Every structure is written in structure tokens, then in C-alpha cells.
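Below, each chain spelled out in residue letters.
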Amino acid sequence: MGAIDIRTLAERLSASSGIAAKQDIGTIAARLGLQGQQDAVGDDCAALPDGDGYLLFAIEGFMNEFVAADPWFAGWCGIMVNISDIVAMGGRPIAVVDAVWADGEEGAVPVLEGMRAASATFGVPIVGGHTNIRTDRGQLSVAILGRAHKLLTSFDARPGDVLVAAIDHRGRYREPFNNWEAVTDTPPVRLRGDLELLPEIAEAGLALSAKDISQGGIVGTAIMLAECSRVGIDIDVSAIPLPAGVSLDRWLATFPSFGYLLAVAPEHVADVATRFTARGISAAVIGAVVAGAEVALVDGKSRAVVRNHAETPLLQLGRQEVAA
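Summarised in this report is the structure supplied together with it. Because the structure is a prediction, the values reported are computed rather than measured. (Residues numbered from 1 in each chain as written. Predicted model: local features only at pLDDT ≥ 70, side-chain atom pairs only at ≥ 80, totals over all residues. Heavy atoms only, no water.)

## Details of the sheet that holds strand 10 (residues 232–236)
And then number 1: In spatial order, the strands read 9-12-6-13-10-14-15; together these seven strands make up an open sheet with mixed pairing. Because the sheet does not close on itself, it has two edges, and the strands there are strand 9 (209–212) and strand 15 (302–308). Neighbour to neighbour, the strand axes of the sheet diverge by 25 degrees on average, direction disregarded.
And then number 2: Bridging between strand 9 and strand 12 (residues 259–264) involves four bridges; their strand directions are antiparallel. The residue bridging D212 from the neighbouring strand is Y260, located in strand 12.
And then number 3: Docked against the sheet, helix 4 (residues 71–88) engages strand 9 and strand 12, running at close to 175 degrees with respect to strand 9. (Pairing = 2+ DSSP bridges. Helix = DSSP H or I, 4+ residues; strand = E, 2+ residues; numbered from the N terminus. Axes fitted to C-alpha atoms, helices over the stretch in contact; angles between N-to-C directions. Contact = heavy atoms within 4.5 Å.)

Here it is, written out as C-alpha cells:
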């Protein structure tokens, strides 16, 4: 890989737009009064106790420039990324609804076709939504309902856990964005089988904490996981597997179509990793969960802090503090 200037890399990632955008979550949550409420906010989905499990409820909205530049794939992602949120919490998707804005019917067609294709591929039905095709620009948001028997959360990473990155490298960038696409030419049966891995890991008790790698990339996702769990994370940049021809700095900021961070107790790492690698998905220990509030890059004896979430919170969300 060659020499890595991790201090410069940490500074660049700290100032990245993908991480900066996550700051907006805390701003809006504060306006809604969501901090510190009993039902924890800040995870990939809202988890609502229901019988012997949980209903999972989530929504995603998409950048206007993405919808304009690649509307078919934006529609596909409307289904895919919501499914990823459900799966990240150990759940299985049930159905989605959408909200589509477009300049006329023809403007809506590529987005709708992308959603329809993904719905058929993943076997998750579109059951309704909202439509406005009398507006001046294309916009998209999609919400999803799922169910979990046992949860993986953003709140249960503990010092002593190791950080596992499980990412499907069998893809390519959907230029010009940092979106790593490994799904549209993949057999549906394989995709659906891959999505069973995290619910199976949760139900086997092999992990308690996970998060899907989002627009903030590996590092931004690690910051959100660390803040919600009130821990630190050291990311070993030399341990991160890279797809052929992809640079480390771009990979750390990439939004993969199948990508998750899991905090795993050391005794379960081999089992967890094998479940992914047996299906051709890269899975590697890329760091450690530690005490404190720093998310840092490490390379040998060198260490550079990307963010201290106690000093500079990103989400300002988490579980309600319980009085001793």
C-alpha cells in the first residue's frame, strides 16, 4: 500500500461533505426534541417492541443532484438502502412506500423503473406512497417497514470488541459519485441470501452492534457508531482490504451497496467473518473499540484523531442516560 500520511488523511476525512452532512441529523433532532428520549433515536431504524420481536421503521431521502444525474439508480437505491438499514439491525424487510416528485410523467419514469426493478430483485413489495409530477425537479424519498427477532444496534459496541468491516468488493463505482455498486448485475438469489447474514448473526448471538456503511463511508459510519455507543474506535488503515485499483482515501469515503461495520467480541470474530467470506464477501478486522470518545486512524505507531465525539458531537443522539 505504501506510506500513508494518516494525519493528512484524517484531516481530509474530518472535513468531508459525507461526514458534515450527518451533522444535520443532530440539528433537526434537536428541533424535534428527540435527544435523550426513552425510545433511543440515532440508529439505522426506529425499533418498536412488538410481541416477541421488533418492528423496524426507517426512511431515506436522496440528494437532488444524484436523482438528476442517475435517476434509474436513484430509484433502485431507494429500495436497496432502506433494506440495508433493516438488515443492519438484524431485521428482514416487509414492504416499502415512496414519495416521488418529478417534472411530468416522463421525468418520473426512470426513478419508478429503478424502484420497480429493485423491488422485484430483492422481493420487497412497494405498497403505496405519495406522488407529485407537477413540480420543477426530481426528488425521491422511500420508507420501509421490517421486523427483527433480535436486534443489532448502534448503542451496544463495547471496549474490547473488534471492528469488522464486511463489504462486497465485486462491483464498480457509479461515477461520478463515491457509490460502489455491486448489485444490479448480481443474481437475485445471491443478493437475498447475502441479506440473511446479519439477521442470522443477530439470532445466533454473535454480535450486538452493527451499522450499515452510509454516505459518510467507513470513517463517518464509525464515528456515528462510536458516538451512539459512547466509545472510541481505532481504525487500522493498513488492515482495510481494498478492491483492485481503488485508493484508500476514496474507499474510506465510499458508500457501498453492501457494506456493514460490526462490533464483535473477539471470541466470535472467526465465526462472523467466515459467514461473509463463505459467500464471497470481504470481511476483515479493521480496528478496535476502545474506551473514550476518539475515532482515530492508526498505522503502526502513528495515530491521528478524526473526531472526538465528546468534544464535537456529530449526531447528539443516543440512549437515555439511566441514573445510578
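Having seen the structure, we can now continue with the description.
## Topic: the state of the cysteines
And then number 1: Taken as a whole and judged by the stated rule, the model has zero disulfides.
And then number 2: With no disulfide of its own, C45 has C228 as its nearest cysteine by sulfur position, at a separation of 13 Å.
And then number 3: A residue is classified by how much of its surface remains accessible, and C45, at 5% relative accessible area, is buried.
And then number 4: By relative accessible area, C228 is classed as buried at 2%. (Disulfide = S-S within 2.5 Å. Buried < 20%, exposed > 50% of the residue type's maximum accessible area, 1.4 Å probe, protein only.)

## Some points on the packing of aromatic side chains
And then number 1: Tallied over the full model, the rule gives eight aromatic pairs.
And then number 2: On the numbers, 5.4 Å between centres and 90 degrees between planes, the contact of W180 with W251 is edge-to-face. In this pair, W180 sits in strand 8 (residues 179–181) while W251 sits in helix 9 (residues 248–252), placing the two residues 71 residues apart along the sequence. Residue W180 shares its accessibility class with W251, and that shared class is buried. (Phe/Tyr/Trp six-rings, centres within 6.5 Å; stacked < 30°, edge-to-face > 60°.)

## Comments concerning the pattern of salt bridges
And then number 1: Taken as a whole and assessed by the stated rule, the structure comprises 20 salt bridges.
And then number 2: Across the salt bridge formed by R147 and D50, the nearest N and O atoms sit 2.7 Å from each other. Separated by 97 residues along the polypeptide, R147 in strand 5 (residues 134–148) and D50 in strand 1 (residues 46–50) bring together distant segments of the chain.
And then number 3: For R147, a relative accessible area of 23% puts it in the partly exposed group.
And then number 4: Accessibility expressed as a relative area gives 32% for D50, which makes it partly exposed.
And then number 5: Each of D70, R172, R174, E181 and D185 takes part in salt bridges that share partners, so that together they form one network. (Salt bridge = Lys/Arg side-chain N within 4 Å of Asp/Glu carboxyl O.)

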